[in-house]
Amino acid sequence: SPSLTTLLSKLPQVPHVAGTEPERGVLDLFRIAIAQVIVDGIPSLTVEQVYAGVDFGKKGNDFTVALPRFKLKGKPDAFAKQVLEKFQPNEWIESAVSEGIFLHFQVRTNTLNRLVLNQIHDLTYNTASKEPEYGINTSGKGKKVVIEYSAPNIAKSFHVGHLRSTIIGAFLVNLYKACGWEVVSINYLGDWGTQFGLIAVGFEKYGSKEELEKDAIKHLFDVYVKINKDAETDPNVKVEAAKFFKRMEDGDESALSNWRVWRELSIKKYAEEYDRLNVHFDEYLGESLVGKEWQDKAIDRLNEMNLIEDHDGMKLVNLEQWNMGKAVLRKKDGTSIYLTRDIGGAIERYEKYKFDKMVYVVSAQQDLHLAQFFKILKLMEFPWADKLEHINYGLVTGMSTRKGTVVFLNEIIKEATSVIYEKMSENAEKLAQIEDPQYVAQEVGISGIKIQDMSAKRINNYAFNWQRMLSFEGDTGPYLQYQHARLSSIERKNPELLPLPSPEEINTDLLTEPAAREIIFHLATYPGVVRNSMEKSEPSTIVHFAFKLTHAISSAWEYVLVKGEPDLEKARARMFMFLRARDVLAAAMRLLTIRPLERM
Ligand code: ARG
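In this text the structure is predicted, and so the values were computed from the model without any measurement.

Here we come to the pairing of strand S11 (residues 357-361). For a regular strand, side chains alternate in direction, first toward one face of the sheet and then toward the other. The buried fraction of S11 is high, at four of five residues. Across four bridges, strand S5 (residues 144-148) lies against S11 in parallel orientation. Pairing of Ile147 across the sheet is with Val359, part of S11.

In spatial order, the strands read S1-S2-S4-S3; together these four strands make up an open sheet with antiparallel pairing. This sheet does not close on itself; its edge strands, each paired only once, are strand S1 (54-56) and strand S3 (93-99). Taking each pair of neighbouring strands and ignoring which way they run, the sheet shows an average axis angle of 30 degrees. As paired strands, S1 and strand S2 (residues 63-66) are joined by three bridges and run antiparallel to one another. For Val54, the partnering residue across the bridge sits in S2 and is Val65. Here helix H4 (residues 76-86) sits on the sheet in contact with S3 and strand S4 (102-107), set at roughly 155 degrees to S3.

Two elements in contact, helix H19 (residues 477-493) and helix H21 (residues 539-557), have axes whose closest approach is 11 Å; the angle formed by their N-to-C orientations is 50 degrees. Here H21 runs oblique to H19, going by the angle between their axes. The crossing of H19 and H21 is left-handed. Here H19 contributes Tyr479, Leu480, Gln483, Arg486, Leu487 and Ile490 to the contact with H21, which in turn contributes Ala546, Phe547, Thr550, His551, Ile553, Ser554 and Trp557. For the contact of H19 with H21, a count of residues per class yields eight nonpolar, four polar and one charged.

As a further point, take the pattern of salt bridges. In the structure shown here, the tally under the stated rule is 33 salt bridges. Asp222 is the salt-bridge partner of Lys218, the closest N and O atoms lying 3.2 Å from each other. Of the two residues, Lys218 and Asp222 are both situated in helix H9 (residues 216-233); the distance of four residues between them amounts to about one turn of the helix. Residue Asp222 is classed as partly exposed on the basis of its relative accessible area of 30%.

Moving on, we come to the pairing of strand S12 (residues 388-391). Across four bridges, the pairing between S11 and S12 is parallel. What sits directly across from Tyr360, in S12, is His390. For the crossover from S11 across helix H14 (residues 367-379) to S12, the handedness is right-handed.

The rules we used
Residues numbered from 1 in each chain as written. Predicted model: local features only at pLDDT ≥ 70, side-chain atom pairs only at ≥ 80, totals over all residues. Heavy atoms only, no water. Buried < 20%, exposed > 50% of the residue type's maximum accessible area, 1.4 Å probe, protein only. Helix = DSSP H or I, 4+ residues; strand = E, 2+ residues; numbered from the N terminus. Pairing = 2+ DSSP bridges. Axes fitted to C-alpha atoms, helices over the stretch in contact; angles between N-to-C directions. Contact = heavy atoms within 4.5 Å. Parallel < 35°, antiparallel > 145°, perpendicular 65-115°, else oblique. Left-handed = near helix turned anticlockwise from the far one by under 90°. Nonpolar A, V, L, I, M, F, W, Y, C, P; charged D, E, K, R; others polar. Salt bridge = Lys/Arg side-chain N within 4 Å of Asp/Glu carboxyl O. Right-handed = clockwise from strand over helix to strand, strands pointing away.

Structure, rendered in structure tokens:
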């Protein structure tokens, strides 16, 4: 970008370090400058080597380097002295001090302010893609990932496990894209298995075309519940169901035609709800679409390895030597099961996508299942078998609404929306100013659900708590939305400062308050935070960043005034800073699949 290049040309040059992307995050340059200072004092080291050891500082220091990590011959504190003797403050680094084996550095505030805020502005408004790009990197360039997530079962309830997979999976799609990967997102529907034989039998008794058209998801679920009840007293129901499913597996068209309609109508309904959640899939696959060929080959191959046991026609694979127990691969009547479909499905997906990685976002309750089918693919010697990754997550308890136990996704969205709407209605005056309060309530409610879900490490269990997640206070989704709307209101509330001069003409040297520096430094860390989040596929890393940012903004709000600041140049610099904070908060929210609101 031209303006950043111009700014950099006025500063002392720093060397390039492999793996850094200063054009994506200028903090890299400050780190390199620090590495250079250390190399100047200890010429036996290289900038690359030292760069890796420049950590964020504690106790108010920007950066800290622990000298022992370089395994120097001699006393670390003597080397620290040597560095300080040579050190001259420059436009990158304001000060350096030693503390025993540590060297602490403060970066130059003026340089930091100017570079960071300009870079955010550039990468938000002047990108080739026309999309905001601050925070993204190119680490995954040229690589393709398949991400499978959500995966609800047709005719069964959409439980909180599916909700978590949906929320975390949609985030991972954004995260991989932000890291330069090509992403294929897949919804793998539970649209096959004996239960469809059961529904078919139930549909003959209880089905209604009209109800089905109205709400396929609900109607099929009702039918399923009713026929399950019948099956409790009438053993014949299950026998009929198994027969019916066998016909489906054998490709009997007369057994498949209804099922096809159920599937299609369910997908249509789901797609609407995913859309409200800001979730989209490249493909709706499903267990039904997995071919038989590979399922058979898998059994043959495992047979050769002496891992198959036959229990009167039922085929089991014995994975006990890997502590993964025994698992059924095929039933007596020859029909496939969940595990075999996953094996066949993975092979087909590799043939189709030639992925560099495939991610399954599935509850930790299925750890064993995933481990088993990954293992079987390894035993089959597929070279890509170790490119599969299970992203798991913990349990959620207590998801029910005021009406009772939650069964469908739309009930969750409705409940969140109505709770928020009630809260908004408490302030009639404010409510009247909002153009589409129903939409705002829904977005805020959905933000609440998503943030609650991604706040802690994904493997943790948590208790679903409407009151807490939908509160406007504390670290919640509604609070993030509120902070974003508040930052967005700065322009509306200070028209006398507009239009702002072009970014290069804003005097960012006037941002001298510690609270302002705190915000700007935090903004500068965002590209690195995205990389850290990617390393562990952790949404909580981004959520944590967003809250730390909003806290820094909150504490600056009363001291770093825009309205009421008599020096217009200063007021404009502050407005510029708060707007860039808004941009980065919005970027983090969008990465978390949340649509930031301008007003609420
Ligand atoms: N539909 C399954 C369930 O609800 C989850 C599917 C997970 N994905 C997979 N490839 N097994 O339990």
